Amino acid sequence: MRIVIADPNLMPQRATFEAALPQGTVTSWHDSWNEHAVLTDLKDADVYVGPKFTEAMGAEARNLRLVHVAGAGYDGIDADALPAGVVCANTFHHEGSIAEHIAAVLVALRRNLLGQDAALRSGLWASSVYSPDIRQPETLRGAVVTFLGFGHIGSAAWNLLRAFGAEGIAITRSGSVNAQEDSLRWAGNTDRLNEALSESDILVVSIPLTAETTSLIGAAELDELGPDGQLVNVARGPVVDETALYDALKDRRIAGAAVDVWYQYPDTDGRGEPSAMPFSRLDNIIMTPHASGVTAETFRGRAREIADNITRLSLNQPLKNVVISR
């Protein structure tokens with residue numbers, strides 16, 4: 001069996017991945033996704049692992065049986081380009097890392113750690129101990145957190161934040177979460193979003209981006225969250241309206257935000273502005289480059305699960321996480 005791998009995130013886990021493959025498997029690694037380079041390598045491949053699959057690749061991959069993405073998203077896979085009989089599978093394993101990120105940025109926001117650090121570097125002790133104008137910060141204990149989306153990420157984040165003593169509300173598209181079973185304050189569908197925000201100190205966004213969820217969080221929702229409210233977005237940037245978020249932060253209509261997912265992305269050189277709005281000028285936002293789930297733990301788990309699916313393929317066993325079948 002021959003496998004072509006064109007996802008650079010798996011390169012650090014190459015040894016883990018290859019050790020879990022069936023005996024006799026041949027691998028061909030690419031340190032980045034490059035359509036021309038991958039095309040020349042696909043002719044006799046049984047499995048392709050990568051973030052994108054194009055019409056040209058489908059025409060070249062005559063022996064292909066499985067396309068595997070090394071993550072949850074498979075929007076880079078052209079389903080119509082997959083040859084007949086080929087399936088596409090995805091993988092997760094990022095929820096623990098993202099939950100840890102959510103907890104970390106919320107502690108940083110609520111305790112103003114970045115602001116205190118910047119101030120102390122200039123000799124200012126920015127604490128209520130030294131200035132009556134500075135409020136004593138709130139902890140996560142007793143904070144009410146609305147989880148917009150309660151799948152792998154939302155539920156993992158709740159399991160971690162409840163250990164801090166937070167209370168939780170789950171808002172999902174279906175409204176099918178069992179609040180009692182998950183020890184939540186309550187749960188409902190997106191029709192009850194504003195009700196949840198009016199009760200909440202924190203909004204954690206992890207709902208998938210669809211036509212229905214685009215700009216689901218706008219000016220009105222941010223105003224419901226209120227001037228002491230904080231937002232964390234680990235879903236997709238456009239779930240939260242770009243201009244509304246910037247204005248709410250600039251005008252202090254919400255206290256702060258931590259944003260890991262953006263409105264503009266760079267080319268392969270990794271340079272570029274994440275938004276048309278000047279978020280970087282604000283002092284009440286933590287900006288990270290879509291990296292909340294990018295950890296060794298995440299990609300070790302993904303490498304092992306992809307290898308397990310390849311083993312299943314070699315044994316003609318049912319595959320896990322099939323998202324497209326041709």
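Computed from a predicted model, the values in this text were never measured in an experiment.

Looking at the sheet that holds strand β3 (residues 47-49)
Item 1. The 6 strands are arranged β2-β1-β3-β4-β5-β13 in an open sheet whose pairing can be described as mixed. Each edge of the open sheet carries a strand with a single partner, namely β2 (26-29) and β13 (322-325). This sheet shows a mean twist of 20 degrees between the axes of neighbouring strands, independent of strand direction.
Item 2. Bridge analysis of strand β1 (residues 2-5) against β2 gives 4 bridges, and the strand direction is parallel.

Quick word on the packing of aromatic side chains
Item 1. Applying the stated criterion across every chain, the model contains 8 aromatic pairs.
Item 2. Consider the rings of Tyr 48 and Phe 53, whose centres lie 5.9 Å apart with planes at 50 degrees: the pair is tilted.
Item 3. What makes Tyr 48 buried here is its relative accessible area of 0%.
Item 4. Residue classification places Phe 53 among the buried positions, given a relative accessible area of 1%.
Item 5. Note on Trp 262 and Tyr 263: the rings are 6.5 Å apart at their centroids and 80 degrees apart in plane angle, and the pair reads as edge-to-face.
Item 6. Assessed through its relative accessible area of 6%, Trp 262 is described here as buried.
Item 7. Lying across the ring of Trp 186, Arg 192 places its NZ or CZ 3.9 Å from the centre.
Item 8. Above the ring of Phe 299, the side-chain terminus of Arg 302 is found at 4.9 Å from the ring centroid.

Rules and cut-offs
Residues numbered from 1 in each chain as written. Predicted model: local features only at pLDDT ≥ 70, side-chain atom pairs only at ≥ 80, totals over all residues. Heavy atoms only, no water. Pairing = 2+ DSSP bridges. Helix = DSSP H or I, 4+ residues; strand = E, 2+ residues; numbered from the N terminus. Axes fitted to C-alpha atoms, helices over the stretch in contact; angles between N-to-C directions. Phe/Tyr/Trp six-rings, centres within 6.5 Å; stacked < 30°, edge-to-face > 60°. Buried < 20%, exposed > 50% of the residue type's maximum accessible area, 1.4 Å probe, protein only. Lys NZ or Arg CZ within 6 Å of the ring centre and 35° of its normal.

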